[in-house]
2 protein chains.
Amino acid sequence: MGVVIPLEDKNKYTASVKPLVELTRSDMERVNQLILSKAGSDVAMIPEVANHLISSGGKRLRPMLTLASAGMFGYEGDHHIKLATSVEFMHTATLLHDDVVDESDLRRGKSTARMIWGNQASVLVGDFLLGQAFRMMVEVGSLEALDVLSGAAAIIAEGEVLQLSVSKNMETTEDDYLSVIRAKTAALFSAAAEVGPIIAGASKAERDALRSYGTNLGLAFQLVDDVLDYNGHAQNLGKNVGDDFREGKITLPVVLSYRRGTDADRAFWRSAIEEGGNDDKALEKALGLITKSNALSDTIIRAEHYGAVARDALAPMAETKAKSALLEVIDFCISRIN
Amino acid sequence: MGVVIPLEDKNKYTASVKPLVELTRSDMERVNQLILSKAGSDVAMIPEVANHLISSGGKRLRPMLTLASAGMFGYEGDHHIKLATSVEFMHTATLLHDDVVDESDLRRGKSTARMIWGNQASVLVGDFLLGQAFRMMVEVGSLEALDVLSGAAAIIAEGEVLQLSVSKNMETTEDDYLSVIRAKTAALFSAAAEVGPIIAGASKAERDALRSYGTNLGLAFQLVDDVLDYNGHAQNLGKNVGDDFREGKITLPVVLSYRRGTDADRAFWRSAIEEGGNDDKALEKALGLITKSNALSDTIIRAEHYGAVARDALAPMAETKAKSALLEVIDFCISRIN
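No experiment lies behind these values; they were computed from the predicted model shown.

K.L.:
Help me get a handle on the overall build of chain A, residues and values and all.
P.N.:
Within chain A one finds 16 helices and two strands. Its C-alpha atoms give chain A a radius of gyration of 20 Å, near enough to 20 Å, the size a compact globule of 338 residues would have. With respect to the principal axes defined by its C-alpha atoms, chain A has extents near 60 × 50 × 30 Å. Out of the 338 residues in chain A, the part that is buried amounts to 61%. Long-range contacts, defined here as pairs at least 24 residues apart, represent 78% of the contacts in chain A between residues at least 6 apart. Roughly 13000 Å² of accessible area belongs to chain A as shown, and the carbon and sulfur atoms make up 48% of that amount.

K.L.:
Go over the environment of Ser203(A), please, and point to the residues and values.
P.N.:
Checked against the element boundaries, Ser203(A) lands in the loop between α8 (174-199) and α9 (204-231). As a C-alpha pair, Ser203(A) and Ala310(A) span 107 residues in sequence and 18 Å in three-dimensional space.

K.L.:
Describe in detail the relation of the copies chain A and chain B, supporting the description with residues and values.
P.N.:
Taken together, a rotation about one axis and a shift along it account for how the two chain copies relate. It takes a turn of 180 degrees to lay chain A on chain B, together with a shift of 0.0 Å along the axis; the resulting RMSD is 0.0 Å. With respect to symmetry, the two chain copies, as superposed, fit the operation of a two-fold axis. The fraction of interface residues of chain A whose copies in chain B are also interface residues reaches 100%, indicating that both copies meet through the same surface.

K.L.:
I'd love a proper account of the interface of chain A and chain B, names of residues and values included.
P.N.:
Across the contact, 35 residues belong to chain A and 35 residues belong to chain B. The interface formed by chain A and chain B includes zero salt bridges. Across the contact surface, chain A and chain B share six residue pairs in polar contact (both at pLDDT 80 or more). Residue assignment for the side of chain A that touches chain B shows that the elements contributing at least two residues are α3 (45-54), α5 (79-102), α6 (113-140) and α7 (143-166) of chain A. At 14 residues, the largest contribution of residues to the side of chain A that touches chain B is made by α7(A). Its residues assigned to classes, the side of chain A that touches chain B shows 20 nonpolar, nine polar and six charged.

K.L.:
Mind laying out the nonpolar core, listing which residues take part and the relevant values?
P.N.:
With 242 residues, the main nonpolar core has Tyr213(A), Trp269(A), Tyr213(B) and Trp269(B) as its most contacted residues. Residues within four places of Trp269(A) in sequence aside, it is in contact with Met170(A), Phe245(A), Val254(A), Ser257(A), Tyr258(A), Glu274(A), Ala286(A), Leu289(A) and Ile290(A).

K.L.:
Quick rundown of the confidence of the model for chain A? Include the residues and the values.
P.N.:
Residue and element names in this part refer to chain A. With 93% of its residues at a pLDDT of 70 or more, chain A shows a mean pLDDT of 89. Confidence, read as mean pLDDT per element, is least for helix α10 (residues 234-237) in chain A (49) and greatest for helix α4 (residues 61-71) (98). Confidence drops under a pLDDT of 50 for residues 1-8, and excluding neighbours within four residues, the segment shows 20 contacts in the predicted structure. If you check the scores for this complex, the pTM reads 0.88 and the ipTM reads 0.84.

K.L.:
Outline the packing of aromatic side chains, supporting the account with residue identities and numerical values.
P.N.:
Aromatic ring pairs: the centre-centre distance and the angle between the two ring planes describe each pair. Taken as a whole, this structure holds nine aromatic pairs over all chains when the rule is applied. Look at Phe134(A) and Phe134(B): their rings are 3.5 Å apart centre to centre, the planes differ by 5 degrees, and that puts the pair in the stacked class. In this pair, Phe134(A) is assigned in helix α6 and Phe134(B) in helix α6 (residues 113-140), connecting two distinct chains. Accessibility classification places Phe134(A) together with Phe134(B) in one group, the buried group. Between Phe268(B) and Trp269(B) the ring centres are 5.6 Å apart and the planes differ by 65 degrees, which places this aromatic pair in the edge-to-face class.

K.L.:
I'd like to hear about unusual backbone geometry, residue by residue, with values.
P.N.:
The phi dihedral of Asn294(A) is positive, around 55 degrees, even though this residue is not glycine. Among the secondary structure elements, Asn294(A) is positioned in the loop between α14 (280-292) and α15 (295-314). Residue Asn294(A) is classed as partly exposed on the basis of its relative accessible area of 43%. A positive phi angle, near 70 degrees, is found at Lys168(B), a position not held by glycine. Turning to its location among the elements, Lys168(B) is positioned in the loop between α7 (143-166) and α8 (174-199).

K.L.:
So, the environment of His305(B): which residues are in play, and what are the values?
P.N.:
With respect to the element layout, His305(B) can be found in helix α15 (residues 295-314). A C-alpha to C-alpha distance of 7.9 Å links His305(B) and Ala220(B), two positions 85 residues apart in sequence.

K.L.:
Give me the packing of helix α4 (residues 61-71) of chain B against α8(B): which residues, what numbers.
P.N.:
Residue and element names in this part refer to chain B. One can describe the packing of α4 onto α8 by two numbers: an axis separation of 7 Å at closest approach and a directional angle of 25 degrees. It follows from the interaxial angle that α4 and α8 lie roughly parallel. α4 and α8 meet at a crossing whose hand is right-handed. Counted together, Leu61, Arg62, Leu65, Thr66, Ser69 and Ala70 of α4 and Leu188, Phe189, Ala192, Ala193, Val195, Gly196, Pro197 and Ile199 of α8 form the full contact between these two elements. Among the residues making up the contact of α4 with α8, the classes are represented as ten nonpolar, three polar and one charged.

K.L.:
Can you break down the side chain of Thr112(B) residue by residue, with the values?
P.N.:
Residues and elements named next belong to chain B. With respect to the helices, strands and loops of the structure, Thr112 is situated in the loop between β2 (110-111) and α6. On the accessibility criterion, Thr112 (2% relative accessible area) is buried. Other than its neighbours up to four places away in sequence, Thr112 contacts His52, Asp99, Ser104, Asp105, Leu106 and Arg107.

The rules behind each value
Each chain has its residues counted from 1, following the order in which its sequence is written. To read the labels, note that chains go from A and ligands from 1, taken in the order they are written. Only residues with pLDDT of at least 70 are given local features in this predicted model, and only at 80 or more are side-chain atom pairs given and counted; all residues enter the totals for whole chains, interfaces and linings. Side-chain measures were taken over the full set of non-hydrogen atoms in the model, leaving aside hydrogen atoms and water. Each helix is a run of H or I in the DSSP string that is no shorter than four residues. Each strand is a run of E no shorter than two, and both are numbered from the N terminus. Taken over C-alpha atoms, the radius of gyration is set against a globule rule of 2.2 Å times the number of residues to the power 0.38. Buried, partly exposed and exposed residues are distinguished by accessible area as a fraction of the type maximum, computed with a 1.4 Å probe on protein chains only: under 20%, between the cut-offs, and over 50%, respectively. Here a residue-residue contact requires only that any non-hydrogen atoms of the pair lie within 4.5 Å. Under the convention used here, a 1.4 Å probe and the Shrake-Rupley method define accessible areas, while residue burial counts only the protein chains that appear. When the copies are superposed, the least-squares fit takes in the C-alpha atoms of residues with a pLDDT of at least 70 in both. Whenever Lys or Arg places a side-chain nitrogen within 4 Å of a carboxyl oxygen from Asp or Glu, that contact is recorded as a salt bridge. Throughout this description, a polar contact denotes any pair of N or O atoms lying within 3.5 Å of each other; where both atoms belong to protein, one of them has to be capable of donating a hydrogen while the other can accept it, and for residues adjacent in sequence the pair is counted only when both atoms sit in side chains. Note on residue categories: nonpolar means Ala, Val, Leu, Ile, Met, Phe, Trp, Tyr, Cys or Pro, charged means Asp, Glu, Lys or Arg, and polar means any other residue, Gly included. Only buried residues count toward a nonpolar core, which is a set of Ala, Val, Leu, Ile, Met, Phe, Trp, Tyr and Cys residues joined through side-chain atoms within 4.5 Å. What pLDDT reports is the predictor's confidence in each residue, on a scale of 0 through 100. Aromatic pairing here means that ring centres of Phe, Tyr or Trp (its six-membered ring) are within 6.5 Å. Orientation follows from the plane angle: under 30 degrees is stacked, over 60 is edge-to-face, and everything else is tilted. Every axis in this analysis is a line fitted to C-alpha atoms, fitted for helices over the stretch in contact. Angles between the N-to-C directions lie between 0 and 180 degrees. For classification, angles of less than 35 degrees are called roughly parallel, those exceeding 145 degrees roughly antiparallel, those between 65 and 115 degrees roughly perpendicular, and all remaining angles oblique. Helix crossings get a hand from a simple test, with the near helix turned counterclockwise from the far one by less than a right angle marking a left-handed crossing and a clockwise turn marking a right-handed one.

Structure, rendered in structure tokens:
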């Protein structure tokens, strides 16, 4: 299935996360060490479950944001390592709880922890990682960073509950859906980017800029993820095409396709999403409706919009390697579509 | 079924939580207000689930410990209200997650949240309350209090996982079991009592005293709870007699009865705990073995031991109304057995 990618700028196709990876390489080695050490416990099941997820090949985009955003303002201490690790633990805890809530079997092509160790271990190891994340933040000792990260934790959880309450509801508007992903995805990107300038002692304007960058990058990232679920390849994606649909999950492509459809189209969506249990034939039909309504290409246009906001947020900042790497990540997130 | 209560001191039968309730009454009104306000959210399911559990008639012993332990050292600010509320939220979050992990149907005689709203809402609202708890602690701004409470959060979660990994294992020793309840119950009592002297600016010796008091009170409290499960009345207890047994949960009465039993007794316990699905006939048999082995009365003697340690922890402290109320709570916890 082809999607018309509405990118004017051909460079975006070659945008890469590499400059960010290079920039943060030595710090990320320390983060990875700290992850292994803080996921350790005499209770053997904890490192087993944690390492399963931690080693499952995520890009660790969020901790890299923290490292780069601290480096952008010349930070030279050690606190960014602990904060970056905290951010990754918060993310990992969320994934563990999400898989339980969504009853997911696969994540990034591997069995989810809950399939191997059960829902119980997934809930509790998630709680443990969250506890360790808070301990590390407290060790850093910045009340401002604590405020931002604990605020994000509460907002993420609120967003997850909100998602639960809009789930199966086909009357969900684009704005409703944006509220969900603003909380459940963008809040952590935002906090990850904001704590860098905080510990670097940057100005309020600089904090605000990085927070806005993080929020909008997170929105773009999530919208592209939504598209990939209908347009990706299982081996790249680590999940099967159509997983969201099979689970009856409402994402922006579904919202747009439903709202733009005929009465018959809408009846199909209502039954597919509200009743669930969708097979390959239903997925084929859904893909047809999504194509007909331009829902994927328009979701990408929405992602481009948030990407542009993220880019302008950083515009007044001094030109540094970190800034340039963070800007390229915006295009990289959107170019994952190819 | 009768249990020989090995109490020399008749006063213990009349020990009451009332002095603590009286002492903290006006502060607890503020705590209750804050609970309602911080459990509020535009996402309707959050206050519904939270209020179900919060209003289900728990004694709120933990926040009262925080209030009294702050008052004991002459604290006159406002921070104890937020910390007490944080402690209650941490406790409530743990209950929500526990009910999911234990697949419990009833708590304090009411349907558990997971039975009404599902496991998903229970996991996520628990996460939300934990997030709110951290936000309130951060607002208080004491890094020492944050250190104690975030440490407790990680230890509690670690204890829950440990419990999961010892569950169904009849070779669990008394020490193993103590490690579990030290983490999953005593750590929060301990933190609740320690943050009082911290915000009151008390000395290290005073902090240490209250921490030790909290830890040992928590251990005594949990051991008595274990006894009540085999010896209580559903209407007082809010759970049915034998719930722990039916779920195949290992508690100290089971550990003692198993270790003191004949080969045949041990074979019964192994099959009952490892295979689960225990009916009333099995419960009757278990109660018989527990009586034969004096496991309940000896569990109470163990609880008395920890109660005595808690009492001595406070011994050097100045005589105040708060101290006297906290001491009486030790006897009250143990006298719940009658």
